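Here is what each chain is made of, one letter per residue.
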Amino acid sequence: MNILTDINKAADILREGGLVAFPTETVYGLGGDAMNPAAVRKIFDAKERPLNHPLIVHIAEAKQMAEWAMHIPEDAIHLANAFWPGPLTLILKKQPAVLDIVTAYQPTIGLRVPKHPIAQKLLHAFGGGVAAPSANQFTHISPTTAAAVAEELHGRIDAILDGGPCEVGLESTILDLSGDKPVVIRPGMISAEQIEFVLGKPVSTWREDTPKVRAPGMHHLHYAPVTLTLMIEPKRLERFLMQLPQASFPVAVLALNDVTVPSGVEIIQMPKDPTQYAQRLYHTLRSADNQKFKQILIEAVPKDNAWEAIRDRLLKASRNE
Ligand code: TXA
Ligand code: MG
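Residues numbered from 1 in each chain as written. Chains lettered and ligands numbered in written order. Predicted model: local features only at pLDDT ≥ 70, side-chain atom pairs only at ≥ 80, totals over all residues. Heavy atoms only, no water.

The full set close to ligand 1 counts 23 residues, and Thr26, His58, Ser134, Ser172 and Arg186 are the nearest of them. Separating an oxygen atom of ligand 1 from a side-chain N or O atom of Arg112 is a distance of 3.1 Å. Protein contacts shield 97% of the accessible area of ligand 1, which totals 670 Å² for the unbound molecule. Contributing elements (two or more residues each) for the shell around ligand 1: β4 (56–58), β7 (108–112) and β11 (183–186). In terms of residues, the shell around ligand 1 owes the most to one element, β7, which gives four residues. Residues that form the shell around ligand 1 fall into these classes: eleven nonpolar, eight polar and four charged. (Near = heavy atom within 4 Å. Polar contact = N/O pair within 3.5 Å; in protein donor to acceptor, adjacent residues only side chain to side chain. Areas by Shrake-Rupley, 256 points an atom, 1.4 Å probe, with all protein chains shown as cover. Helix = DSSP H or I, 4+ residues; strand = E, 2+ residues; numbered from the N terminus. Nonpolar A, V, L, I, M, F, W, Y, C, P; charged D, E, K, R; others polar.)

What follows is the structure, given as structure tokens:
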């Protein structure tokens, strides 16, 4: 596996049925030719991902949407105009030619036009659709640097394109447009409110009680560090630390506010701005996980809209429930 800078070479690897990890503005993706069943199968194998989790197909431009989806609603066009290229994935009815292994035998397909210049150049050079999940082992934290991809998939893929740290830092918002009403099935940094503003109508958010919607990342301990990770409400944090038994130290705390802590606690100060917090979160969790902490405590973030996607990932990373 090599770290590549030559985008045309990466496109050749995709054409030959190989796997290339590449940067997007959200997280790094593990790309393979979406029309080559052997290549797509290799993606699942490299990640050790169960075959019932469908992959997002990445395309260079919105005008390619009709090659992959049919009965495309007006809403999809409006959202593509507003947010593509960018961190939004649309679930649409699939074209019959789309491979079942890509969509996990569902009648729908997830499509996204990423904004990162390297992703854009790769998709233009390749020409077709690139199936790409996040470039991590199944259930692990998504990689936001090329080094994190190497840590996750070394020896299992053909190449990595290094594009530096990802700007958004959390996976794309996924909006299901295949039913009667638009439903956010994975929150992201494009919020439901921003989508509602463009569509001029309400958008619902997937909840446990919504039947028959496949929710991404609902597998137990998706997006999770290996180290025991807990999310603690700010007003309980200091007392929680004081009451921890000696055997639980050393502890890392991802803090938003000022906290007074006993010895054996390393404070990792997180940004108070949600955009910056999101950008830094996975890298921070990954490096804390690689140190010898017995526990990682995360000070709970505010419950407002701007923090919704972050809160969603923190809940998935922690073992509170
Ligand atoms: O930001 C992102 O979306 C990143 C970058 C690489 O584009 N990709 C990503 O892919 O997060 P992945 O595979 O880790 O997560 C995509 C989620 C999966 O959990 C899957 O269940 C859901 O999208 N998904 C894909 N196709 C779907 C479909 N047809 N219906 C419902 N959910 C779908
Ligand atoms: Mg993923």
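Next comes the rest of the description.
This brings us to the pattern of salt bridges. Enumeration over the complete set of coordinates arrives at twelve salt bridges. The partner of Glu48 in a salt bridge is Arg156, with the nearest N and O atoms 2.9 Å apart. Here Glu48 is found in the loop between α2 (37–47) and β4, whereas its partner Arg156 is found in the loop between α7 (146–153) and β9 (159–161), with 108 residues between them in sequence. Here Arg156 falls in the partly exposed class, since its relative accessible area comes to 38%. For the salt bridge of Arg313 with Glu171, the shortest nitrogen-to-oxygen distance reads 2.8 Å. Pair noted here: Arg313 is in helix α11 (residues 308–317) and Glu171 is in the loop between β9 and β10 (173–176), with a separation of 142 residues, a long-range link. The exposure class of Arg313 is buried, given its relative accessible area of 1%. (Salt bridge = Lys/Arg side-chain N within 4 Å of Asp/Glu carboxyl O. Buried < 20%, exposed > 50% of the residue type's maximum accessible area, 1.4 Å probe, protein only.)

Within the largest apolar cluster, 46 residues are counted, with the highest numbers of intra-cluster contacts made by Leu79, Leu88, Leu90, Leu111, Ile157, Leu175 and Ile195. Other than its neighbours up to four places away in sequence, Leu175 contacts Leu79, Leu88, Thr89, Leu90, Ile91, Pro182, Val183, Val184, Ile195 and Val203. Counting residues in each nonpolar core, the second largest holds 26 residues, with Tyr223, Ile268, Tyr277 and Val301 among its members. (Core = buried A, V, L, I, M, F, W, Y, C linked by side-chain atoms within 4.5 Å. Contact = heavy atoms within 4.5 Å.)

As a further point, take the sheet that holds strand β13 (residues 228–232). Across the sheet, four strands lie side by side as β13-β16-β14-β15; this open sheet has parallel pairing. Bordering the open sheet on either side are β13 and β15 (265–269), each of which pairs with just one other strand. Direction aside, the axes of adjacent strands within the sheet are offset by 20 degrees on average. Pairing geometry for strand β14 (residues 251–255) and β15, over five bridges, is parallel. (Pairing = 2+ DSSP bridges. Axes fitted to C-alpha atoms, helices over the stretch in contact; angles between N-to-C directions.)

Let us look at the environment of Leu19. When you line up the elements, Leu19 lands in the loop between α1 (7–15) and β2 (20–22). Separated by 54 residues in the primary sequence, Leu19 and Pro73 have C-alpha atoms spaced 32 Å apart. Excluding its chain neighbours within four sequence positions, the residues that come into contact with Leu19 are Ile13, Leu30, Gly31, Gly32, Ala39, Lys42, Ile43, Ala46, Arg156, Ile157, Asp158 and Ala159.

Moving on, we come to the packing of α1 against helix α6 (residues 117–126). Running from amino to carboxyl end, α1 crosses α6 at an angle of 55 degrees, the nearest separation of the two axes being 9 Å. Accordingly, the angle class assigned to the pair α1 and α6 is oblique. Considering the relative orientation of α1 and α6, their crossing is right-handed. For the pair α1 and α6, the contacting residues are Ile7, Asn8, Ala10, Ala11, Leu14 and Arg15 in the first and Ile118, Lys121, Leu122, Ala125 and Phe126 in the second. Here the contact of α1 with α6 is composed, by residue class, of eight nonpolar, one polar and two charged. (Parallel < 35°, antiparallel > 145°, perpendicular 65-115°, else oblique. Left-handed = near helix turned anticlockwise from the far one by under 90°.)

What follows is about α2. Of all the residues in α2, the buried ones are Ala39, Val40, Ile43, Phe44, Ala46 and Lys47. Projected onto a plane normal to the axis of α2, the buried residues spread over an arc of 165 degrees and lie on a single side. In this fold, the buried residues of α2 make contact with β3 (29–33), α5 (100–103), β8 (130–131) and α7. A distance of 2.9 Å separates the backbone nitrogen of Ala38 from a side-chain oxygen at the start of α2, and that oxygen is part of Asn36. Positive backbone phi, approximately 55 degrees, marks Glu48, located one or two places after α2. (Arc of directions from axis to C-beta.)

What follows concerns the pairing of β7. Across the five residues of β7, five count as buried, placing the element largely inside the fold. Residues Thr108, Gly110 and Arg112 point to one face of β7 and Ile109 and Leu111 to the other, with burial holding for every one of them. Of the pairings in the sheet, the one linking β4 to β7 comprises three bridges and is parallel in character. Bridge pairing in β7 places Ile56 opposite Gly110. For strand β6 (residues 88–94) and β7, the ladder comprises four bridges, and the chain directions are antiparallel. Note that in β7 the partner of Ile91 across the bridge is Gly110.

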